[in-house]
Amino acid sequence: MPVVAKVKVQLEDFDVQAESHRLTSGRRDVGALVSFTGLCRDEAGTLTALELEHYPGMAEAELSRIAGEAIERWPLTGLTVIHRYGKIPPGDNIVLVVAASSHRRAAFEAADFLMDYLKTRAPFWKKEHLVEGGTGAWVEAKAGDDKDAARWT
Amino acid sequence: MNIRYFAWVRERVGVEEETIDLPGNVKTVADLITHLKGIDDYHAAAFEEEDAIRVALDQVHVETDEEIGDAREAAFFPPMTGG
């Protein structure tokens, strides 16, 4: 049976435990489960929140394309990608990737690949909301992100 | 054609979305950008840093030399910062 990734773009928070359990429950062939959670990080006490704007429709489509590529490249038994949008305060979850496989290498690499590609290709943008009031700048893309993504080509 | 803008491109243009009648000489995404820049000062300002703008046609990433063909939607946005 080919693996179909679960891809969700949502306002609400996700449950890391529940999503991990979904990829292992009732199975005997999963030997490795890697999960990555990206959280909103405060920049030296200046942020009240990051506001994540997204391109509805394309965000889901692009995450699905990236997830499909991961499934082609690694022998995964399951894959879940959840990305939130809206106003997210420091400490709260932004993104979840869970990769399951028979062996650890595929799970580690697929999760790493997913995050690198997602950062440079999934249509989401972060805007800062500041403690001192009002909105700050749009977060700028880092050259290092392109370099990270290029590791997989 | 339906045109959508996101993040600071949207803020500079001043609208999220607009419908544009494409002149016959607009064949590629680069032609479309040139056309949009001519609409008013807001569009011109949005596309000032042309190298910093990414494009999608019908929700798929493309380069600016891509032919528009029968695409129904074009979107313009800055480099992505999700994750």
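Structure: see above.
Note that residues are indexed from 1 along each chain, following the sequence as it is written. Chain labels run from A onward and ligand labels from 1 onward, assigned in the order the entries are written. For a predicted model such as this one, the threshold for reporting local features is a pLDDT of at least 70, and the threshold for listing and counting side-chain atom pairs is 80 or more; totals across whole chains, interfaces and linings nevertheless cover every residue.

In this section: the overall build of chain A. Check the secondary structure of chain A and you find 4 helices and 8 strands. Listing the helices and strands of chain A from first to last along the sequence gives β-α-β-β-α-β-β-β-α-β-β-α. Using C-alpha atoms as the atom set, the radius of gyration is obtained and then compared with a globule rule of 2.2 Å times the number of residues to the power 0.38. Taken over the C-alpha trace, chain A has a radius of gyration of 16 Å; the compact-globule value for 153 residues is 15 Å, and the two agree within 12%. Each principal axis of the C-alpha atoms in chain A carries an extent, and together these give about 50 × 30 × 30 Å. The burial criterion counts other C-beta atoms lying within 10 Å of a residue's C-beta, which is placed from the backbone; the residue is buried at 20 or more, exposed at 12 or fewer, and partly exposed between these limits. Across the 153 residues that make up chain A, the buried fraction comes to 35%. Going along the chain from the N terminus, every DSSP run of H or I of four or more residues is numbered as a helix, and every run of E of two or more is numbered as a strand.

Another point: the interface of chain B and chain A. C-beta atoms are first placed from the backbone for all residues, and any pair lying within 7 Å is then listed as a contact. Across the contact, 14 residues belong to chain B and 22 residues belong to chain A. Only helix 1 (7-13) and strand 5 (73-77) of chain B provide two or more residues apiece to the side of chain B that touches chain A. Taken together, the residues that form the side of chain B that touches chain A break down as 9 nonpolar, 5 polar and no charged. Put simply, Ala, Val, Leu, Ile, Met, Phe, Trp, Tyr, Cys and Pro go in the nonpolar bin, Asp, Glu, Lys and Arg in the charged bin, and everything else, Gly too, in the polar bin.

This part covers the nonpolar core. Connectivity within a nonpolar core runs through C-beta atoms within 7 Å, and the core itself is a set of buried Ala, Val, Leu, Ile, Met, Phe, Trp, Tyr and Cys residues. If you look at the biggest cluster of nonpolar residues, it comprises 58 residues, and the most contacted ones within it are A99, A110 and L114 of chain A. A per-element tally of this core places helix 3 (residues 104-121) of chain A first, with 9 residues.

Residue and element names in this part refer to chain B. The backbone phi angle of A7 is positive, close to 55°, even though this residue is not glycine. Considering the arrangement of structural elements, one finds A7 in helix 1. With 23 C-beta atoms counted inside 10 Å, the residue A7 sits in the buried group. Within the chain, Q59 stands out as a residue other than glycine whose phi angle is a positive 70°. Checked against the element boundaries, Q59 lands in the loop between strand 3 (54-57) and strand 4 (60-62).

This part is about the environment of E62 of chain A. All names here are of chain A. With respect to the helices and strands, E62 occurs in helix 2 (residues 58-73). With 26 C-beta atoms packed within 10 Å, E62 lands in the buried category. Between the C-alpha atoms of E62 and L50, which are 12 residues apart in sequence, the distance is 22 Å. Leaving out residues up to four positions away in the same chain, E62 has contacts with R121, A122 and P123.

Another aspect to go through is the pairing of strand 5 of chain B. Residues and elements named next belong to chain B. Across the 5 residues of strand 5, 4 count as buried, placing the element largely inside the fold. Looking at chain direction, strand 1 (residues 2-5) and strand 5 are connected through 4 bridges and run parallel. Bridging from a neighbouring strand, Y5 pairs with F76 of strand 5. Pairing between strands is defined by DSSP: at least two bridges between the two strands are required. Here strand 3 runs beside strand 5; their pairing, made up of 4 bridges, is antiparallel. Paired with V55 across the bridge in strand 5 is F76.

Residue and element names in this part refer to chain A. Within strand 4 (residues 76-84), 9 of the 9 residues are buried, which leaves it mostly tucked inside the rest of the structure. Sheet topology note: the strand 1 (residues 6-10)/strand 4 ladder contains 5 bridges and is parallel. When the sheet's bridge partners are listed, K8 is paired in strand 4 with I82. Pairing between strand 4 and strand 6 (residues 93-101): 7 bridges, direction antiparallel. When the bridges of strand 6 are listed, L76 appears paired with S101.

Keep in mind these numbers describe shape, not what the thing actually does.
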